[in-house]
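Now for the letters of each chain:
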Amino acid sequence: GRMNRQATAMGMPTKGMVLLAGNSHPEFARLVSRYLSVPLGSVSVLQKSNRETSVEINETMRSRDVFIIQTGTKNVNNDIMELIIMMYACKTADARTINVVMPYLPYCKQSKMRKRGAIVSRLLAALFCHTGLSRMITVDLHKKEIQGFYSVPIDNLRASSFLIQYVMNDVSDYRNAVIVARNAAAMQRAASYSERLRLPLAVIHGEEHSESEQADGRNSPPPPMQQADQLEAAGASGGVGGASGVGAVEERRPLHHAGVKFFPMPVAKEKAHMQLVGDVSGRIAIIVEDMVDDIEQFVRAAELLHDRGAYRVIVMATHGLLSADAATKIAAHDCRIDEVVVTNTVPHEVQKMQCHKIKTVDVSVLVAEGIRRIHNNESMSYLFTHVSCDD
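All figures in this text were calculated on a predicted structure; none of them were measured in a lab. (Residues numbered from 1 in each chain as written. Predicted model: local features only at pLDDT ≥ 70, side-chain atom pairs only at ≥ 80, totals over all residues. Heavy atoms only, no water.)

Caption draft 1: Up close: unusual backbone geometry. You will see that D94, though not glycine, has its phi angle at about 65°, which is positive. Positionally, D94 belongs in the loop between α3 (76–92) and β5 (97–101). For L322, which is not glycine, the phi dihedral falls at a positive 45°. Here L322 lies in the loop between β12 (312–320) and α10 (326–331). Take L322: its relative accessible area is 0%, and that puts it in the buried class. (Helix = DSSP H or I, 4+ residues; strand = E, 2+ residues; numbered from the N terminus. Buried < 20%, exposed > 50% of the residue type's maximum accessible area, 1.4 Å probe, protein only.)

Caption draft 2: Just the nonpolar core, in detail. L19, V32, L36, F67, I179, I286 and I371 are the most contacted members of the largest nonpolar core, which has 46 residues in total. Looking at which domains feed residues into this core, each of domain 1 (17–157) and domain 2 (161–206 + 275–361) supplies at least three. With sequence-adjacent residues up to four places away left out, L36 is seen in contact with M17, L19, A368, I371 and R372. Judged by nonpolar contacts, the second largest core, of 35 residues, contains V18, V45, C129 and L321. (Core = buried A, V, L, I, M, F, W, Y, C linked by side-chain atoms within 4.5 Å. Domains from an automatic or database assignment. Contact = heavy atoms within 4.5 Å.)

Caption draft 3: Spotlight on the pairing of strand β6 (residues 135–139). Among the 5 residues in β6, 4 count as buried, and that is most of the element. As paired elements, β5 and β6 share 3 bridges and run parallel to each other. Its bridge partner lying in β6, V101 is registered against I137. Crossover handedness for the path β5 to helix α4 (residues 120–131) to β6: right-handed. Alignment of β6 against strand β7 (residues 154–157), held across 4 bridges, turns out to be parallel. Within β7, the position partnered with I137 by the bridge is D155. (Pairing = 2+ DSSP bridges. Right-handed = clockwise from strand over helix to strand, strands pointing away.)

Structure representation (structure tokens):
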């Protein structure tokens, strides 16, 4: 029965599931494998002496549903290359479907146009889809619109219920807490948490601009008047006689530049001082974010909250990237952050050794249950119970 239900449009039944793992987060892959009671498939993903990635699959893939577990870490480009080569190896070995389980999707912050940059997130999606991706499973995308870059289904699972459970069970006196949005961009997520925990909400305004407000000032000035006039004069005098010459002059003549005097005067923003909207005095402040990468802005926010009377500051985020020297900064005796709570979507064992304030919430159950439901053709909606669009 089930094999027939899972037959593809080509009428090819599945020969079961195979779980593969790259080198990015072996501990997470082990936890998922244990929950599903499916052993990790035999695959060797090695870096050769010339630093090229080599993948060798040691079991049959034909007509099987492959789930590849690989997350983004500090060694991000290597993670992506490993994943692409693994996907291609599975495609070459004639796997029925190739499902990528990437709890933290890298390059997700580069999902908007900046100056003359590129939307790298879109490029990555095209690369994955071209390599043979059938479905993507991820946790807490930085921007939900990234789903639109993929031409295959993408399941954006939410870790919020696990973090909320942590607050209720492990934060003593959590009823005396306030949910804080570090900037306007984090407001929706914070509002969702405050509604579900039934706690008040505060927001920090000023100084640090959210990504959406960063200047897109492409710095090329308009061509000065005299330069445009010179170009025009050169175009007029450089023509060769005859009808073809006139045509050539017309082609080379630039459009006359009238200057930007008709444009409205661009007014620069005045940078507001950091201020808190909402009351935290005598309460626990819980800063809610989707990722903790550079810690500097969180440290400044924590200082402001302490100055406004908060007696404890907790930073909560799904992805604990904690790049560079974030762990040592949090551990410093003058740092006002009392606790950093992150999930295990990104490995951070080294940072935990450097800093006792970092706590981990295990979300492998969420990912594993997502895999199980997809493989059994079950609905995913239970995993989104009480999750609002803003999470």
